[in-house]
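# Examining the three-dimensional arrangement
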Amino acid sequence: MSLSYSFAKRLLKKDKWTLSSTIAKIAIVGVALGIVVLILAFAITTGFRQEIQNKVVGFGSHINIVHYDNNNSYQQMPITANDQLKKTIAALPNVKNVQAFSTIAGIVRGKEDIEGLIFKGIGTDYDTTFFSKNIIRGRFIHIPNNSTPSIEILISESLAQKLQIDTGDKIDAFFVQNTVRQRKFTIVGIYNTGLVAYDDTYLLCDIHQVQKLHNWQENNIEGWELLVNDFDDLELTAAHINQLVDFDMKVATIKELSPMIFDWINLVNQNVLILIVLIIIITSISLISTQLTFILENITTIGILKTMGCPTKTIGNIFLHISINILLKGLLVGNLVGLLCCFLQQQFHIVKLNPMYYYMSYVPIQVQIGHLFLINVGVLLLSLLALVLPAYCVARKTSAIKAVSME
């Protein structure tokens, strides 16, 4: 055991009611609180980003391929469903699924109200994972393999409440084109994703219904939706697909289709970075203050050690060991409390949110091992760098202390 470590251990075991011991406990609590906040900040930000990203992608896709025009209405020009092109795109390494879709605007009449909605037609190639997970009553719609249109629809819980309808009910829908067309549908399922803007706008139906309402051929679709395996390679995959499609097709990523949502996510990430910097600064100042308190309270001991010929480096190491001890205790307590808070929120959804503003009804939590490693190593290294200077500045002052003690 080194001399500096032995002295540091003895100083830490002094009377518990000394000023330095009290401040050391406060410093441990301060470090722990900083770690708890950092863990929660990373977990909540990651949870928000992943949850919103999954929901937005669930309603649409990672990448859309549609006809290239400037039409911003819901009456888009169709593209031809080229099976060979679809197979080529589906064979790309990062592409998970390619699914056809078509949309049309319509009016739905409930028992006492009407609502303007977007009917999204889907086919047998549609990935049902997202909606199946968010269905609260009933089931997903059945899409037949033949061209006979299904009359089943999937509607959101918020729309069902507004229209006062439920699973098993039949509703009338009206589509205004050159003439008004009426269709009757049966509700087989009700979903709730928490994305109010989407829940209040879309319902799912058979793509053959939309094709017939548009007077399209069976191989005419509005476009393809693509799901990818790695979101980080989204732009690269989109650029590759753009080289494969015809000149009259437009390839757009979810970031381009929903820029406001992803700008909001980026803004949250920036706030977290600012929070991280502030917490590390506050933690470092707290540890430096504690270190200086120990130095001032043990100035006589420092003078004696210097008089006895103790090296300057050893004296600096004594107070550096004390600060590291406080820092490690704070990291341990902070990690335990932070992970416990994350577990409780993840399991019981204690903190609620207004889905109108946050796109979900509770604070999402997602803990990643990489983030925990980054937090602990980052705080440890940066705090140590901040502590080294004041610890060894003591050494410069010890010559004066030695002179005073010699007198």
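Our subject is the structure listed above.
The numbers attached to residues start from 1 for each chain and follow its sequence in the written order. Side-chain atom pairs in this predicted model are given and counted only at pLDDT of 80 or more, local residue features only at pLDDT of at least 70, and totals for whole chains, interfaces and linings cover all residues. Only heavy atoms go into the side-chain values, all of them from the structure, while hydrogens and water stay out.

This part is about the nonpolar core. Generally speaking, soluble globular proteins have nonpolar side chains that are buried together. Ile 65, Ile 89, Phe 131, Phe 140, Trp 224, Leu 226 and Ile 241 are the most contacted members of the largest nonpolar core, which has 48 residues in total. Of all the elements, helix 2 (residues 19-59) adds the most residues to this core, at five residues. As used in this record, nonpolar core signifies buried Ala, Val, Leu, Ile, Met, Phe, Trp, Tyr and Cys residues forming a set joined through side-chain atoms within 4.5 Å. Partly exposed describes any residue whose relative accessible area lies between the buried limit of under 20% and the exposed limit of over 50%, with all areas from a 1.4 Å probe on protein chains only and scaled to the type maximum. Grouped together as the second largest cluster of nonpolar side chains are 35 residues, Ala 24, Ile 279, Cys 310 and Ile 322 included. Under the scheme used here, helices are H or I runs from DSSP no shorter than 4 residues and strands are E runs no shorter than 2 residues, and both carry numbers assigned from the N terminus.

Further remarks concern the pattern of salt bridges. Each reported salt bridge corresponds to a side-chain nitrogen of Lys or Arg within 4 Å of a carboxyl oxygen of Asp or Glu. Considering all chains together, one arrives at eight salt bridges under this definition. The closest approach of N and O atoms between Lys 120 and Glu 225, which form a salt bridge, is 2.7 Å. Of this pair, Lys 120 sits in strand 4 (residues 114-122) while Glu 225 sits in strand 11 (residues 223-228), and the two are 105 residues apart along the sequence. Put simply, Asp 172 and Lys 184 hold a salt bridge, and the shortest N to O gap is 2.7 Å. Of the two residues, Asp 172 is situated in strand 7 (residues 170-176) and Lys 184 in strand 8 (residues 180-191); the sequence distance between them amounts to twelve residues. Here Asp 172 falls in the buried class, since its relative accessible area comes to 11%. In the salt-bridge network here, residues are joined through shared partners; they are Arg 109, Asp 172 and Lys 184.

Now for the environment of Leu 38. Relative to the helices and strands, Leu 38 is located in helix 2. Leu 38 sits in the buried class, given a relative accessible area of 2%. Between the alpha carbons of Leu 38 and Gly 123 there is a distance of 45 Å; along the sequence they are 85 residues apart. Note on definitions: a residue-residue contact is assigned when non-hydrogen atoms from the two residues lie within 4.5 Å. Discounting residues that sit within four places of it in the chain, Leu 38 has contacts with Ile 276, Ile 279, Ile 375 and Val 379.

A few words on unusual backbone geometry. At Asn 215, a position not held by glycine, the phi torsion is positive, near 60°. Mapped onto the secondary structure, Asn 215 falls in the loop between helix 7 (207-213) and strand 10 (220-221). Residue classification places Asn 215 among the exposed residues on the basis of a relative accessible area of 55%. A positive phi is found at His 349, a non-glycine position, where the angle reads about 50°.

Attention now goes to empty space enclosed by the protein. With a 1 Å grid laid over protein atoms only, a set of points is called a cavity when a 1.4 Å probe fits there but cannot get out and a pocket when it is open yet has protein on both sides within 12 Å along at least five of seven lines; lining residues have an atom within 4 Å of a point. Grid points are joined across faces, edges and corners, and a volume is the space filled by probe spheres set on the points. Within the structure shown, the criterion is met by two cavities of 30 Å³ or more. If you trace the second largest cavity, you find it lined by Ile 39, Phe 42, Ala 43, Gln 366, Val 367, Gln 368, His 371, Leu 372 and Ile 375. Counting only elements with at least two residues in the lining of the second largest cavity, the list comes to helix 2 and helix 14 (369-406). Residues are grouped as follows: nonpolar covers Ala, Val, Leu, Ile, Met, Phe, Trp, Tyr, Cys and Pro; charged covers Asp, Glu, Lys and Arg; every other residue, Gly included, is treated as polar. Residue composition of the lining of the second largest cavity, grouped by class: six nonpolar, three polar and no charged.

A word on the state of the cysteines. Covalent bonding between the sulfur atoms of two cysteines is what defines a disulfide. Count a disulfide wherever a pair of cysteine sulfur atoms falls within 2.5 Å. Scanning the model with the defined rule gives zero disulfides in all. Left unpaired, Cys 341 is separated from the closest cysteine sulfur, that of Cys 342, by 7.0 Å.

Now for the packing of aromatic side chains. Only Phe, Tyr and Trp rings are paired, with Trp represented by its six-membered ring, and only when their centres lie within 6.5 Å; those with planes under 30 degrees apart are stacked, over 60 edge-to-face, the remainder tilted. The final tally for this structure, using the stated rule, is 14 aromatic pairs. Between the aromatic rings of Phe 48 and Tyr 358, the centroid separation amounts to 6.5 Å while the plane-to-plane angle is 45°, which identifies the pairing as tilted. One end of the pair, Phe 48, is in helix 2; the other, Tyr 358, is in helix 13 (residues 355-358), with 310 residues separating them in the sequence. Here a set of aromatic residues connected by ring pairs shows up, and it is made of Phe 59, Phe 130, Phe 131, Tyr 191, Tyr 198 and Tyr 202. Note on geometry: a ring has a charge over it if NZ (lysine) or CZ (arginine) is within 6 Å of the ring centre and within 35 degrees of the ring normal. One residue, Lys 120, lies across the ring of Phe 101, its end atom 5.9 Å from the ring centre.

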